[in-house]
Amino acid sequence: MVNMRKPASDRRVINQIEVVLPNLAVGDTTLEQLRERLQSTFRVENQAAAVRAETLAELTRRAGVHITEDNLREKGLRPRGKARSEVETAVELEELPRTSEGMRDGEIPYENARILAKASQDGEIDESELIGAAKTQSPDKFAGTVRKHQQQRSEDDGMSRLEHQRSRRFAKIKTDNTDGMTVLYGRFDPITGALIETALSQKMDELWREEDPRARCSPGQRMADALAGLVTREDTDEDGTPPRGPRLLLIADYDVVSRELQNGRLGDGTPIPVEKIRDLAYQAGILPAIFRGMSQPLDLGRSRRTASPAQRIALVARDKACVGCGATANWCQAHHIIPWAVQGNTDIDDMCLLCSRCHHKVHDDRWQVRKKPSGEYYLKPPPKHLCNSARRRYPIQQRK
C-alpha cells in the first residue's frame, strides 16, 4: 500500500510517499500470496499515479506548463512527449473527480484514467456511466468502451469526431543516424487504420504461404516486407486496372421501421458514422455480416473442416478479436471448440477466434474455451494440477 498519512509535525515528511514492502521472501510465499502481492503492486501503482497527477496539476497552476514538463523530464527522466502527455492528463483529471478518487483508492489504473481524460478533452462524456468499466476493464477494452460511449452521445453519429481524428493524421519517414535504417511512423483515423491493417494482414498471409517452412521470417520482418510490397507495388488486375483496395468488414443494424442503417461499426466494434459506409464502398470491398441467411449457410457440419468465408465474417462480427487475449481479428484463426478430430462440426456455435498464441494454449497447455451466459466466449486456464505438470515439462530455471 502507499502510506500518505505522515505526522504533520515534520514538514520534511508530510509530502513523502512511503511504500510498505512485504517482509516475506518471494521464494517462501504460497501461490495465493503471490497473487495477493501482485494485486497490491497494482494498487500501489494506481495510488502513486493519483498523487503524481494531483501534484502535477497544482504545480502547473502555480509554475506553468513548461516548468512542470521540465521537472518531469529532469527529475522523472520522462521523454518530452511523455512529459507533455502526463501534464495534460493531470490537468484534465481535475475535472473528473470520481476518476481521481478511484485512482487514490487504487481501483483505477493510470492508463484508464488517461483514456477518460483524453475523451473528456475531445468532448463531453458522462463520467458516472464509465467509472465502473474503468475499474474492471483492461485499457485495450476500456478504450473501446469509451469510443462507443462517445459515439452514442454524439449528435451527428460521430462524424465530427471522425473528421477531428482525420485532421490529426500524421506520418513521417526519416533515417536513423545510428545505423542508417529508414524509420516510418504514422497516426491515422480508425477507418484508415483499419484499411491499412487489413491490407497488411492479407499481404502478410500471402508472404507466409510463400515462405519456406524451415526458414520463416519473424512477424515483424514479414510485416516490413508486406508494407514495402504494398507501397512499391506496380501490379494491376487482368483488365489493366489498378487492384481494388482491401476487403473491409463493416457492420450496421437495419431498422425495419425507418428503413435505415444504424449503429455503424468496424469488425472490432469501433463505431463509425453510417454515412461513411457508402463512401467506403468505393475504396474497399465491403463484407456484409449475414447471420443465418438463406444464401450464406453458417452451419456446415462435417462437410468441410475449415471455416467458410461467410463463417469467418460472422465470427469476426461476433467475437471481434481473439477471445483469449483480445488480439485483433486479422491475426486470428477459426478454432473448433469441439475438435474436428473427435467429430466436432464446422458450425458457427462450435467455433471462435483465437490467435496463434492462444491456439497453442488450448492445444498444448489444456486451456479450455468456455461460454458466458451473455454468449461471450473466453479462455479458462487448466486446473492447478495440470499447470504443475506443465511446469514439470517446462521447468523454470532456478536462481543461483
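Refer to the structure presented above.
If you're wondering where the values come from, they're calculated on a predicted model, not measured in any experiment. (Residues numbered from 1 in each chain as written. Predicted model: local features only at pLDDT ≥ 70, side-chain atom pairs only at ≥ 80, totals over all residues. Heavy atoms only, no water.)

This paragraph deals with the overall build of the protein chain. Counting its regular elements, the protein chain contains 14 helices and 11 strands. Residues classed as buried in the protein chain amount to 32% of the 400 residues present. Expressed as a percentage of contacts within the protein chain between residues at least 6 apart in sequence, the contacts between residues at least 24 apart total 53%. For the protein chain, the computed accessible surface area is about 26,200 Å², with 51% contributed by carbon and sulfur atoms. (Helix = DSSP H or I, 4+ residues; strand = E, 2+ residues; numbered from the N terminus. Buried < 20%, exposed > 50% of the residue type's maximum accessible area, 1.4 Å probe, protein only. Contact = heavy atoms within 4.5 Å. Areas by Shrake-Rupley, 256 points an atom, 1.4 Å probe, with all protein chains shown as cover.)

Here we come to helix H4 (residues 97-104). Along H4, the residues that are buried comprise Thr99, Ser100, Gly102 and Met103. Considered in projection along H4, the buried side chains sweep an arc of 160 degrees and stay on one side of the axis. In this structure, the buried side of H4 is in contact with helix H1 (31-63), helix H3 (80-93), helix H5 (110-122) and helix H6 (127-136). Immediately downstream of H4, the backbone of glycine 106 shows phi near 85 degrees, a positive value. (Arc of directions from axis to C-beta.)

On the surface, a nonpolar cluster with roughly 400 Å² of combined accessible area is contributed by Ile173, Leu184, Leu227 and Val231. Secondary-structure assignment places isoleucine 173 in strand E3 (residues 170-175). (Patch = residues over 30% accessible without salt bridge, like charges linked within 9 Å, V, L, I, M, F, W, Y side chains within 5 Å. Salt bridge = Lys/Arg side-chain N within 4 Å of Asp/Glu carboxyl O.)

The subject of this paragraph is the packing of aromatic side chains. Under the defined criterion, the tally for this structure stands at 1 aromatic pair. The positively charged end of lysine 361 is found above the aromatic ring belonging to tryptophan 367, 4.4 Å away from the centroid. Against the face of tyrosine 378 rests lysine 372, its NZ or CZ located 5.7 Å from the ring centre. (Phe/Tyr/Trp six-rings, centres within 6.5 Å; stacked < 30°, edge-to-face > 60°. Lys NZ or Arg CZ within 6 Å of the ring centre and 35° of its normal.)

Moving on to the pairing of strand E10 (residues 368-371). Examined bridge by bridge, E10 and strand E11 (residues 377-380) share 4 bridges and lie antiparallel to one another. Along E11, the bridge assignment pairs valine 369 with leucine 379. Hairpin connection from E10 to E11: 5 residues lie between these consecutive antiparallel strands, with glycine 375 at a positive phi of about 95 degrees. (Pairing = 2+ DSSP bridges.)

Throughout the structure, instances matching the rule amount to 18 salt bridges. Its salt-bridge partner being glutamate 206, residue lysine 203 comes within 3.7 Å of it at the nearest N-O pair. On the criterion of helical spacing, the pair formed by lysine 203 and glutamate 206 is a turn pair, its members being 3 residues apart in helix H9 (residues 190-210). Accessibility expressed as a relative area gives 40% for glutamate 206, which makes it partly exposed. Here glutamate 211 makes a salt bridge to arginine 216, at a shortest N to O gap of 3.4 Å. Residue classification places glutamate 211 among the buried residues on the basis of a relative accessible area of 14%. One connected set of salt bridges, linked through shared partners, spans Glu58, Arg61, Arg62 and Glu94.

Another point: the environment of threonine 328. Mapped onto the elements, threonine 328 comes out in the loop between helix H12 (309-319) and strand E8 (332-336). On a C-alpha basis, the gap between threonine 328 and aspartate 268 in space is 7.4 Å, while along the polypeptide they are 60 residues apart.

The final tally for this structure, using the stated rule, is 1 cavity of 30 Å³ or more. Here the largest cavity defines a volume of roughly 110 Å³. Lining of the largest cavity is provided by 13 residues; of these, Gln151, Arg161, Gln165, Pro190 and Pro271 occupy positions nearest its centre. Listed by contribution, the elements that provide at least two residues to the lining of the largest cavity are helix H7 (139-153), helix H8 (159-167) and H9. Residue composition of the lining of the largest cavity, by class: 6 nonpolar, 5 polar and 2 charged. (1 Å grid on protein atoms, 1.4 Å probe; cavity = no way out; pocket = protein on both sides within 12 Å on 5 of 7 lines; lining within 4 Å. Points joined across faces, edges and corners; volume = space filled by probe spheres on them. Nonpolar A, V, L, I, M, F, W, Y, C, P; charged D, E, K, R; others polar.)

Two quantities define a packed helix pair, namely the angle between the axes and the distance from one axis to the other. Two numbers describe how helix H2 (residues 65-75) lies on H3: the axes approach to 9 Å, and their chain directions differ by 125 degrees. Relative to H3, the element H2 is oriented oblique. Once H2 is placed against H3, the crossing between them reads as right-handed. Contacts from Val65, Thr68, Glu69, Leu72 and Arg73 of H2 reach H3 at Arg80, Ala83, Arg84, Glu86 and Val87. (Axes fitted to C-alpha atoms, helices over the stretch in contact; angles between N-to-C directions. Parallel < 35°, antiparallel > 145°, perpendicular 65-115°, else oblique. Left-handed = near helix turned anticlockwise from the far one by under 90°.)

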